[in-house]
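Overview (structure and organization)
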Amino acid sequence: MSSEKMKLELKRLRKELEKALIRGMVAPPCVQTAETKKQLVKSMGQARVERLKSSSANYISNFQSSAKGAWVTKAKTTFENTSKKLTTITAEGK
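Quick notes on the rules
Residues numbered from 1 in each chain as written. Predicted model: local features only at pLDDT ≥ 70, side-chain atom pairs only at ≥ 80, totals over all residues. Heavy atoms only, no water. Helix = DSSP H or I, 4+ residues; strand = E, 2+ residues; numbered from the N terminus. Rg over C-alpha atoms; globule rule 2.2 N^0.38 Å. Buried < 20%, exposed > 50% of the residue type's maximum accessible area, 1.4 Å probe, protein only. Areas by Shrake-Rupley, 256 points an atom, 1.4 Å probe, with all protein chains shown as cover. Patch = residues over 30% accessible without salt bridge, like charges linked within 9 Å, V, L, I, M, F, W, Y side chains within 5 Å. Salt bridge = Lys/Arg side-chain N within 4 Å of Asp/Glu carboxyl O. Lys, Arg positive; Asp, Glu negative; His and termini not counted. Charge placed at Lys NZ, Arg CZ, Asp CG, Glu CD.

**Section: the overall build of the chain**
Assigned secondary structure in the chain consists of two helices and zero strands. Against the 2.2 N^0.38 benchmark of 12 Å for 94 residues, the chain shows a C-alpha radius of gyration of 29 Å, more extended than a compact globule. Dimensions of the chain along its principal axes, counting C-alpha atoms only, are 95 × 20 × 15 Å. For the chain, with 94 residues in total, the buried portion stands at 10%. A total accessible area of about 8000 Å² is found for the chain, and carbon and sulfur atoms account for 62% of it.

This is the structure:
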């Protein structure tokens, strides 16, 4: 093998070794950090949706006991439909 071919082969081997080191040492912690952040964002979103659903349920309860008239039934139905949509969105996000 000529000197030039050996240099090229060593250069290729070095590059392969660097890639292997990156895949083995650097990439796993980065992937774990990204997964941790995804889970954190997901749980924060779910917590906010749950708070919104709870607040909505409380509002419907208070609204129903304080407001009177035929329009109250329509408003209550609208609130309940919105709450169901939140439940659907939450279920789809899981």
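**Examining a nonpolar patch on the surface**
There is a patch of nonpolar side chains on the surface, built from Leu 17, Leu 21, Ile 22, Met 25 and Val 26 and spanning about 510 Å² of accessible area. Within the element layout of this structure, Met 25 appears in helix H1 (residues 3-66). Residue Met 25 is classed as exposed on the basis of its relative accessible area of 61%.

**A look at a positive patch on the surface**
On the surface, Lys 11, Lys 15, Lys 19 and Arg 23 cluster together to form a positively charged patch. Note that Arg 23 resides in helix H1. Residue Arg 23 is classed as exposed on the basis of its relative accessible area, which comes to 54%.

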